[in-house]
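Now for the letters of each chain:
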Amino acid sequence: MTGKKTFAIGIDLGATTIKSGVVDKKGKIIDQLTVETRANKGPSTVIQHIVFSVRELFSKHKQASCCGIGIGAPGVVRIEDGSVHHPPNFSGWTEVALAKAIRNAFSVPVFIENDANCAALAEAKYGAGYEFKDFLFVVWGTGIGGGIILDRKIYRGPHGGAGEIGHLSIDYNGRECNCGSRGCIEAYIGQRYLSQRTKEILEGRRKDQEPSKIIELVDGNLEKIEPSIIAEAAELDDPVATEILEEAGDLLGSALASVMNILDLRVAVIGGGISAAPHFVFKSVEKSLRARVLKPHKNGIRIVRAKLGNSAGIIGAASLVF
Ligand SMILES: [Zn+2]
């Protein structure tokens, strides 16, 4: 064999975009590319788009120097055969042998893992989780996802579906969730609900009240509200945004208390779109968590902001290879 294998390709497969990157052994992204997923066109189109992305990267970075390809995919991933089951928002996709399809295209080792687990691994190896042996990773974005890191490894559970903290119920008679259950934390602090609740509060405000910064940020179109906008407004000390995020933090803390009690964990690293939120949101989660967790668990409770942002998916996927 000539030359050293120096990099891996990490692929972050999302319902809207496929982000792929060339990542070195220190977890640094050297080059990257984003293409549309076209998840509505079915699995073969999605596979073609992944193959296209990898070919593009191999046109600039020699395949001979590539250790392998790692893929982070939504849905339940079966590690044994590299298949992906029922990823949400992917049409016609029940069970697809994704790792095999990519391996056939490139003849390099291919590894696959659930996307939230990939982000958790990235934070554990290169990010905010590096200093902790055990922690819970929370993805707070469109939905609420999670990954459990125990002894620096991901805990998948016997069937590969562990870490679904978004469906931990905080009210057994509460709001209906997409999953069919009630009171799931995701139905209170997921993107759609947070945006909806903000819109309702803004619509209910009196004309003589000071205009909210949120309205300015969306140019008056309340349909454009999303958590990153709420976070931006909170950064500007907007009282509506601050109230919403403080309350959301309080709710998340109450859900995390149950997780910490069950898993005997002390630290949660929070990533996803909301991880750009101001410091007070993290304080609010921590305060609520500390108030509710069992006494023997209180010592060492910490809520930490994820460090790798949007890159965690690519870096975590590539780290499956090394
Ligand atoms: Zn649910």
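About the thresholds
Residues numbered from 1 in each chain as written. Predicted model: local features only at pLDDT ≥ 70, side-chain atom pairs only at ≥ 80, totals over all residues. Heavy atoms only, no water. Donors = N, O, S within 2.8 Å, 3.2 Å for Na, K, Ca; no water. Tetrahedral: all angles 85-135°; square planar, octahedral: opposite > 155°, others 65-115°. Buried < 20%, exposed > 50% of the residue type's maximum accessible area, 1.4 Å probe, protein only. Helix = DSSP H or I, 4+ residues; strand = E, 2+ residues; numbered from the N terminus. Domains from an automatic or database assignment. Contact = heavy atoms within 4.5 Å. Buried area = accessible area lost by both parts, 1.4 Å probe. Salt bridge = Lys/Arg side-chain N within 4 Å of Asp/Glu carboxyl O. Polar contact = N/O pair within 3.5 Å; in protein donor to acceptor, adjacent residues only side chain to side chain.

**Q** Just checking my understanding: could you explain the coordination of the zinc ion for this structure?
**A** The expected angle between donors at a tetrahedral four-coordinate metal is 109.5 degrees. At an octahedral six-coordinate metal it is 90 or 180 degrees. For the zinc ion, the full set of protein donor atoms is H167 (ND1), C177 (SG), C179 (SG) and C184 (SG), at a range of 2.0 to 2.4 Å. Its four donor atoms give the zinc ion angles of 105 to 118° at the centre, a pattern that matches the tetrahedral case. In this structure C184 comes out as buried when scored by relative accessible area, which is 0%.

**Q** Explanation requested: unusual backbone geometry in the structure shown.
**A** A negative phi angle characterises most non-glycine residues, just as the trans form characterises most peptide bonds. Unlike most non-glycine residues, R152 shows phi in positive territory, near 65°. Positionally, R152 belongs in the loop between β10 (144–150) and β11 (153–155). Classification of R152 by relative accessible area gives partly exposed; the value is 46%. One non-glycine residue, D219, lies in the positive phi region at around 50°. Within the secondary structure, D219 sits in the loop between α6 (213–217) and α7 (227–235).

**Q** I tried to follow the domain arrangement of the chain on my own but got confused; where do I start?
**A** Accessible area lost upon the coming together of the parts is a frequently used measure of interface size. Per the domain assignment, the segments making up the chain are domain 1 (7–121 + 312–319) and domain 2 (131–306). Taking the mean C-alpha position of each, domain 1 and domain 2 sit 27 Å from one another. Listed by partner, the interface residues are eight residues for domain 1 and ten residues for domain 2. Between domain 1 and domain 2 the total buried area reaches about 770 Å² when both faces are included, carbon and sulfur atoms providing 63% of it. Of all residues in domain 1, A116, N117 and A120 give up the largest surface area on contact with domain 2, accounting jointly for 49% of the area buried on that side. Summed over the shared surface of domain 1 and domain 2, the number is one salt bridge. For the salt bridge of R156 with E113, the shortest nitrogen-to-oxygen distance reads 2.7 Å. One can count one residue pair in polar contact (both at pLDDT 80 or more) joining domain 1 with domain 2. Counting residues per element, the side of domain 1 that touches domain 2 draws most heavily on helix α3 (residues 115–126), at five residues.

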